[in-house]
Amino acid sequence: MEHETTKGGPGGAVPAREAASGTAPGASGDGATLAPVRVRDLPAEVGRGVTVRGWVVTKRSSGKVRFLVVRDGSGILQCVLAQGARTDAGAFAAFDVLTQESSLEVTGTVREDRRAPGGVELDVATLAPVQVAGEFPIGPKEHGTTFLMDHRHLWLRSSRQWHILRVRAEIERLIRAFFEAHGFLLVDTPILTGAIGESAGTLFETQYFDLGTAYLAQTGQLYVEAAAMAFGNVYCFGPTFRAEKSKTRRHLTEFWMVEPEMAWCDWRGNMEVQEQLLTHVVQGVLRSRRDDLVALGRELGPLASVRAPFPRMSYDEAIERLRADGSPIEWGSDLGAEDETRLASAHDRPLFVYKYPRAAKAFYMKADPERAEVVLCNDLLAPEGYGEIVGGSQRIDDLDELAGRIDEEGLPREPYEWYLDLRRYGSVPHSGFGLGLERTVAWICGLPHVRETIPFARLINRIRP
Ligand code: 4AD
Ligand code: MG
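Residues numbered from 1 in each chain as written. Chains lettered and ligands numbered in written order. Predicted model: local features only at pLDDT ≥ 70, side-chain atom pairs only at ≥ 80, totals over all residues. Heavy atoms only, no water.

## So, the overall build of the protein chain
Short version of the rule: A run of H or I in DSSP counts as a helix once it spans at least four residues, and a run of E counts as a strand once it spans at least two, with each numbered from the N terminus. For each residue, the accessible area found with a 1.4 Å probe, counting protein chains only, is set against the maximum for its type, and the residue is called buried under 20%, exposed over 50%, and partly exposed in between. Any two residues whose heavy atoms approach within 4.5 Å are treated as being in contact.
Of regular secondary structure, the protein chain possesses 13 helices and 20 strands. Viewed in the frame of its principal axes, the protein chain has a C-alpha envelope of about 85 × 55 × 40 Å. In the protein chain, buried positions account for 52% of the 465 residues. Contacts spanning at least 24 positions in sequence make up 65% of the contacts within the protein chain whose residues lie at least 6 apart.

This is how it looks when you write it as structure tokens:
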């Protein structure tokens, strides 16, 4: 519902923007009615009277003039109270009681000011507190990370978090737009699952009525594989869960992953989709969220060079390079974070590492027909030390091979019968990948830790707020 408010007091020369119905809390008066306007839309209202609703960022006085900086979630606005005709006397009394993060309604006339953020200021007519806030726990002084994470519900209001979460939302939008534009069907996969999707070591379990143990989904992959056989090209995009005992800067216990799955696609075609997706996302963010990246202090040069094609390196070659570089890593083990950083730092764009040892990867990956000890998979390593952001592979499409791998991993056959059915009824070569949203946001924003890339992070030692 559109609210309106009324302007009161002696400065009644403010022209109404448009008439609206209903009443808003907190404002009083009997002048012309003013429709509420979002701060980001104010440049189109220069010279007009408006109502703005928001929260106090700061206030200060200079002689007879009072300045109130207000944010409303869409932008920041400086409101100016000047003694004389235009500001209601009551506004000064209201100004005095307002504290940081108090909610309010302010009416006035929009004035162009090139120096102001957004290019406008508001000459205040009336000012009405809605709720006067108690002393806000987060001030301009430095706070420790634990304190800020404990107050995450309030920390979200700070400008840095505003920039990060706007970039996150834009990345999500760009990902969806990419798949929509390429004819992928969105398929929502279950969170409660009856079989292990990725690895036995990192499962959240819950008792599921009389049906035994259910697991929170580690991946939607097994389900998008079924959907790919029904719809061709599909993707899911949702939260996934890993009981990772890792306390690192890139592990969450709940994170969002986009997982496309493509029938008739091999592991090489799979990499091409990954580089096209990442190019679309990074270049898109540079276009539409450049100001947010700049406000975050992100260097833009390294992002500008992120364009397909990305360099490709086999796992074998990666091990050779690392060993030549003095690393003790042995062929057969998965790459660690430091190894990934070392490999990727030689490139100005993400690096594909392909054909990892079978033993280091998940059970569903197809073995290389020419060399059974490696699988047709890839990781995609982000530059600048951000490490793996994508894992993908061609899937086993042969019934016996897949059943054999399930047995080999010591997994029970029965919960996977439906998954094996996909290899019984019209099996085709198919591939897919998972892109971790939070790691991607951390990289694009240039953040040291994934905890600020999601509104409410779930970490090994954090379930609140
Ligand atoms: O490499 P992963 O485990 O791959 C899969 O889950 C496949 N089933 C995907 C598929 O082929 N459909 O995870 C994929 C990506 C990682 O590259 C990483 O970006 C992210 O998910 N990821 C995490 N992000 C944050 N916290 C964690 N604990 C993560 N684990 C994986
Ligand atoms: Mg992986």
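## Observations regarding the site of ligand 1
The line we're drawing: Nearness of a residue to a molecule or strand requires only that one of the residue's heavy atoms be within 4 Å of it. What qualifies as a polar contact is a pair of N or O atoms within 3.5 Å, subject to a donor-acceptor requirement within protein and to the restriction that residues adjacent in sequence count only when both atoms come from side chains. Exposure was quantified through the Shrake-Rupley algorithm and a 1.4 Å probe, taking into account, for residues, occlusion by the shown protein chains and nothing else. Both site types are read off a 1 Å grid over the protein atoms alone. A 1.4 Å probe that fits but cannot get out defines a cavity, while an open set with protein on both sides within 12 Å along at least five of seven lines defines a pocket; lining residues have an atom within 4 Å of a point. Placement in a cavity or pocket follows one criterion, namely that more than half of the molecule's atoms lie within 2 Å of its grid points.
Close to ligand 1 lie 22 residues; Glu198, Gln221, Arg242, Glu259 and Glu388 are nearest. Arg250 is positioned such that a nitrogen or oxygen atom in its backbone is 3.5 Å from a nitrogen atom of ligand 1. In this structure, Leu252 approaches ligand 1 through a main-chain N or O atom, which is 2.9 Å from a nitrogen atom. In isolation ligand 1 exposes 630 Å². Once the protein is present, 94% of that is buried. For ligand 1, the cavity whose grid points lie within 2 Å of the majority of its atoms is the largest pocket.

## Structural notes on the sheet that holds strand 18 (residues 377-382)
Rules: Note on pairing: DSSP must find at least two bridges between two strands before they are called paired. Lines fitted to C-alpha atoms define the axes here, with helix axes fitted over just the stretch in contact, and angles between the N-to-C directions of these axes take values from 0 to 180 degrees.
Taken in spatial order, the eight strands make up an open sheet running 8-12-13-20-19-18-15-14, and their pairing is mixed. With one partner strand each, in any of the chains shown, strand 8 (185-186) and strand 14 (312-314) form the two edges of the open sheet. Here strand 15 (residues 351-354) pairs with strand 18 via four bridges, running antiparallel. In the sheet register, Phe352 faces strand 18, and the bridge partner there is Leu380. Sheet strands in contact with helix 5 (residues 221-231) are strand 8, strand 12 (233-241), strand 13 (254-263) and strand 20 (430-436), and its direction is about 30 degrees off that of strand 13. In this fold helix 13 (residues 437-445) packs onto strand 12, strand 13, strand 18, strand 19 (387-394) and strand 20, with an angle of close to 55 degrees to the strand it touches most, strand 20.

## Notes on a nonpolar patch on the surface
Formally: Residues enter a patch when their relative accessible area is above 30% and they make no salt bridge; the linking distance is 9 Å between like charges and 5 Å between nonpolar side chains (Val, Leu, Ile, Met, Phe, Trp, Tyr). What counts as a salt bridge is simple: a side-chain nitrogen of Lys or Arg found within 4 Å of a carboxyl oxygen of Asp or Glu.
A surface patch of nonpolar side chains, amounting to about 480 Å² of accessible area, comprises Leu192, Tyr208, Phe209 and Leu211. Take Phe209: it is sitting in the loop between strand 10 (205-207) and strand 11 (213-216). When its relative accessible area of 67% is taken as the criterion, Phe209 is described as exposed.

## Re the layout of surface pockets
What counts is decided by this rule: Grid points are joined across faces, edges and corners, and a volume is the space filled by probe spheres set on the points. Under the convention adopted here, Pro, Cys and the residues Ala, Val, Leu, Ile, Met, Phe, Trp and Tyr are nonpolar, Asp, Glu, Lys and Arg are charged, and Gly plus all remaining residues are polar.
Taken as a whole, the largest pocket encloses approximately 1,000 Å³ of empty space. Along the wall of the largest pocket there are 45 residues; nearest its centre are Glu198, Arg242, Glu244, Lys361 and Glu388. Those elements giving two or more residues to the lining of the largest pocket turn out to be strand 13, helix 10 (337-344), strand 18, strand 19, strand 20 and helix 13. Split by residue class, the lining of the largest pocket holds 18 nonpolar, 13 polar and 14 charged. Of the voids in this model, the second largest pocket is the one considered here, and its volume is about 860 Å³. Lining of the second largest pocket is provided by 33 residues; of these, Val57, Arg157, Ser158, Ser159 and Arg160 occupy positions nearest its centre. Considering every element that reaches the lining of the second largest pocket, the biggest residue donor is helix 4 (residues 159-181), with five residues. Considering only residue class, the lining of the second largest pocket consists of 12 nonpolar, 11 polar and 10 charged.

## Some thoughts on the sheet that holds strand 4 (residues 65-71)
One closed barrel accounts for five strands, arranged 3-4-5-7-6; its pairing is mixed. Neighbour to neighbour, the strand axes of the sheet diverge by 55 degrees on average, direction disregarded. Bridge count between strand 6 (residues 103-112) and strand 7 (residues 120-131): 10 bridges; the pairing is antiparallel. Bridge pairing in strand 7 places Thr109 opposite Asp123. Packed on one face of the sheet, helix 1 (residues 89-97) meets strand 3 (49-62), strand 4, strand 5 (76-82) and strand 7 and runs near 65 degrees to strand 7.

## Describing the nonpolar core
We apply this condition: Take the buried residues of types Ala, Val, Leu, Ile, Met, Phe, Trp, Tyr and Cys, join any two whose side-chain atoms come within 4.5 Å, and each joined set is a nonpolar core.
Counting residues in each nonpolar core, the largest one holds 57 residues, and the members touching the most others are Ile171, Ile175, Phe179, Leu293, Trp443 and Ile444. Examining the composition of this core, we find that nine residues originate from one element, helix 6 (residues 267-288), more than from any other. Non-local contacts of Ile175, meaning those with residues more than four positions away in its chain, are made with Phe237, Val258, Leu277, Val281, Leu435 and Leu437. Core analysis: the next-biggest nonpolar cluster, separate from the first, contains 33 residues, Met313, Leu335, Ala403 and Leu422 among them.

## Section: the packing of aromatic side chains
The following threshold applies: The criterion for an aromatic pair is that two Phe, Tyr or Trp rings (for Trp, the six-membered ring) have centres within 6.5 Å, with stacked assigned to planes under 30 degrees apart, edge-to-face to planes over 60 apart and tilted to the rest.
This structure, assessed with the given rule, holds 14 aromatic pairs. For the ring pair Phe179 and Tyr235, a centre distance of 4.9 Å and an interplane angle of 25 degrees mean the geometry is stacked. Taken together, the residues Phe179 in helix 4 and Tyr235 in strand 12 connect sequence positions 56 residues apart. Among the residues examined, Phe179 registers a relative accessible area of 0% and is labelled buried. Judged by relative accessible area, Tyr235 falls into the buried class, the value being 1%. Where Phe363 meets Tyr364, the ring centres are 5.5 Å apart and the plane angle is 75 degrees; that geometry is what we call edge-to-face.

## With respect to the pairing of strand 13
Burial within strand 13 is extensive, with eight of its 10 residues counted as buried. As paired elements, strand 12 and strand 13 share nine bridges and run antiparallel to each other. Across the sheet, the residue bridging to Tyr235 is Pro260, located in strand 13. As paired strands, strand 13 and strand 20 are joined by five bridges and run antiparallel to one another. Counted as the bridge partner of Glu261 is Gly432 from strand 20.

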